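# Residue-level structural notes
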Amino acid sequence: MGKYPTENIGDLRRLAARIRLNALQMVAIQGFGYLGQALSAGDIYAALFGSGALRPRHDRFIVSPGHYIVVLYAVAAELGLIDPAELSSYGLDGALLEAISTERTPFVDLSCGSLGQGLSGAIGFALASRFARDDRRVFAFLSDGEMEEGQVWEAAMFAAHHKLSNLVAVIDVNNSQVDGTVTSVTTIEPIAAKWQAFGWRTEEVDGHDVGAVLRALKTRQADKPLVVIAHTDILGRLKSFPPTVDGHFIKLDASLQEVVIRELENFDA
């Protein structure tokens, strides 16, 4: 794993840039795909995996929105958890790294197809860890569009009732879903107040500030699960994209790829 884990903010920012570059190269294979998810969540995954907040192969990790799996591949390759050569076959027929996660997906404890199910699965892992009396933490990654699913709130209520303090939910709040902006589909704000009302310890941060995400992940309370609400931009605040780009599913031609790589390499320097 090289220099990781580290809490050096500069190193974590560079890791986030590498995550985005890896995702860009994967999406470029087909010329379209879930690049926006890596642009919005790259800093979150850098803080989670690069800092040691989540201990790979020990703690549990759940990806509730399966199309975000590209971000996990990108960081896992940087940390030596999967063979970086596998990235070159992302999304191809028969490839190990599928564009949307399945039961074959490596290095994830649970990934979901239908949205809104990941938190329920994470609760199962958290309860198992409690019964086993081990020290595993369980991290569930969710998207803000999933807050429209009733199952998420049933699970949130259950986790707080059972005081699952080893459970952490991290939500990428990028205001993007397949039908448009989340705010145009169903209003979910105030997100933080809702999670607090359901009995969770709530940390609301700028999801592109790796230091803020890391500090939030380190907070714990003996009798409450933790939710980190990370506000992000679906295009990662990059200036290379024209305003007409659909961030949820990006079409990537050679000229756009070139300018985006150049901007990301400046972050990676």
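As shown above, the structure is provided for reference.
This is a predicted model, so every value here is computed, not measured.

Calculation notes
- Residues numbered from 1 in each chain as written.
- Predicted model: local features only at pLDDT ≥ 70, side-chain atom pairs only at ≥ 80, totals over all residues.
- Heavy atoms only, no water.
- Phe/Tyr/Trp six-rings, centres within 6.5 Å; stacked < 30°, edge-to-face > 60°.
- Helix = DSSP H or I, 4+ residues; strand = E, 2+ residues; numbered from the N terminus.
- Buried < 20%, exposed > 50% of the residue type's maximum accessible area, 1.4 Å probe, protein only.
- Pairing = 2+ DSSP bridges.
- Axes fitted to C-alpha atoms, helices over the stretch in contact; angles between N-to-C directions.
- Parallel < 35°, antiparallel > 145°, perpendicular 65-115°, else oblique.
- Left-handed = near helix turned anticlockwise from the far one by under 90°.
- Contact = heavy atoms within 4.5 Å.
- Nonpolar A, V, L, I, M, F, W, Y, C, P; charged D, E, K, R; others polar.
- Expected span 1.5 Å × (residues − 1).

Under the defined criterion, the tally for this structure stands at twelve aromatic pairs. Relative to Phe61, the ring of Phe49 lies with its centre 5.1 Å away and its plane at 85 degrees, an arrangement referred to as edge-to-face. You can see Phe49 sitting in helix α2 (residues 35–50) and its partner Phe61 sitting in strand β2 (residues 60–63), a full twelve residues away along the chain. Taking the relative accessible area as the measure of exposure, Phe49 reaches 1% and is therefore buried. Of the residues examined, Phe61 reaches a relative accessible area of 4% and is grouped as buried.

Quick look at the sheet that holds strand β3 (residues 110–111) now. The strand order across the open sheet built from six strands is β3-β2-β4-β5-β7-β6, with neighbouring strands paired in parallel fashion. In this open sheet, the two edge strands, each paired with only one partner strand, are β3 and β6 (201–206).

This part covers the packing of helix α1 (residues 9–28) against helix α3 (residues 69–78). At a closest axis distance of 8 Å, the pairing of α1 and α3 adopts a crossing angle of 120 degrees. Taken as axis vectors, α1 and α3 run oblique relative to one another. Remark: the crossing between α1 and α3 carries right-handed chirality. Listed contacts from α3 to Leu15, Arg18, Ile19, Asn22, Ala23 and Met26 of α1 are Val70, Val71, Tyr73, Ala74, Val75, Ala77 and Glu78. Grouping the amino acids of the contact of α1 with α3 by side-chain chemistry returns ten nonpolar, one polar and two charged.

Attention now goes to helix α4 (residues 118–132). Given 3.6 residues per helical turn, the α-helix brings residues three or four places apart onto the same face. Under the 1.5 Å per step criterion, the end-to-end length of α4 is 21 Å for 15 residues, consistent within 8% with the ideal 21 Å. In the stretch just after α4, Arg133 is the one whose phi turns positive, near 55 degrees.

Spatial relationships are all this shows, so hold off on functional conclusions.
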